[in-house]
Amino acid sequence: WGGGSETEGCQASQRLDDAVRSLVAELPQYFPHAFAPHLEKFVERLAAISPDDVRAALQSLAALGECLRSGTRGGGRLTEQFDSRHFLDALVSAAGSLAVCAPEDGSLFREAVRALGCLEHDELMNAPKHLILWAEKHLDDDETMIPTGVPL
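Report on the accompanying structure. On a predicted model such as this, the values are computed, not experimentally measured, just so you know.

1. Details of the side chain of R21
Along the chain, R21 falls in helix α1 (residues 11–26). Of note is the side chain of R21, whose polar atom sits 2.8 Å from the side chain of D18. Within the local environment of R21, its side chain forms a polar contact with the side chain of D53, the two groups lying 2.4 Å apart.

Structure (structure tokens):
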């Protein structure tokens, strides 16, 4: 996953990278207890260079967030405490970087919202303030970066 320069140009390696991304994106919704301890790794992948890696990490976090928020599949918290500020920064940066090539149906942004389920209740209540501050900081100077026609 995210092999980078050592796999460039090799078709078999690219197919393997694609298969791993698909697995990483899909499996957390079925086995959240197995993937939840690795939440920080998914957050790190949100800063990857490859948009495909970022999207796979976002899909994983969305699945984990949904399971954590609903308390399904065994109930209770699946993760230990983690740095919620870093998580929010990585999440909005990833959504912002992918917004340029986002599907018009808004699914990318729904995945980001579902990923917020990884936060504890108190952290979740502070998330809108953090997101607004991030938006003010990043969008005041360059409103041309806002994608048009993307439903919220």
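Additional details are given in the paragraphs that follow.
2. Re the environment of S93
Within the secondary structure layout, S93 lies in helix α5 (residues 84–98). Looking at S93, the relative accessible area reads 37%, which means it is partly exposed. Sequence separation of S93 and A47 is 46 residues, and the distance between their C-alpha atoms is 7.8 Å.

3. A look at the nonpolar core
In this structure, L46, L61, F87, L91, C118 and L119 are the most contacted members of the largest nonpolar core, which totals 30 residues. Of all elements in the fold, only α3 (39–45), α4 (51–70), α5, α6 (107–115) and α7 (121–139) reach the threshold of two or more residues within this core. Here this core takes 7 residues from α5, the largest share from any one element. Apart from residues no more than four positions distant in its own chain, L91 is found in contact with L46, L58, A112, A115 and L116.

Rules used throughout
By convention here, each chain's residues receive numbers from 1 onward along its written sequence. With the structure being a predicted model, the display of local features is reserved for residues of pLDDT at least 70 and the display and counting of side-chain atom pairs for 80 or more, all residues being used for whole-chain, interface and lining totals. Computation of side-chain values: all heavy atoms of the structure, hydrogens and water removed. Here a strand is any run of E in DSSP of at least two residues, a helix any run of H or I of at least four, and the numbering for each starts at the N terminus. Throughout this description, a polar contact denotes any pair of N or O atoms lying within 3.5 Å of each other; where both atoms belong to protein, one of them has to be capable of donating a hydrogen while the other can accept it, and for residues adjacent in sequence the pair is counted only when both atoms sit in side chains. Per-residue accessibility, obtained with a 1.4 Å probe over protein chains only, is compared with the maximum for each type, and a residue is labelled buried under 20%, exposed over 50%, and partly exposed between these values. Buried Ala, Val, Leu, Ile, Met, Phe, Trp, Tyr and Cys residues that are joined via side-chain atoms within 4.5 Å together make up what is termed a nonpolar core. The criterion used for residue contact is that any of the two residues' heavy atoms lie within 4.5 Å.

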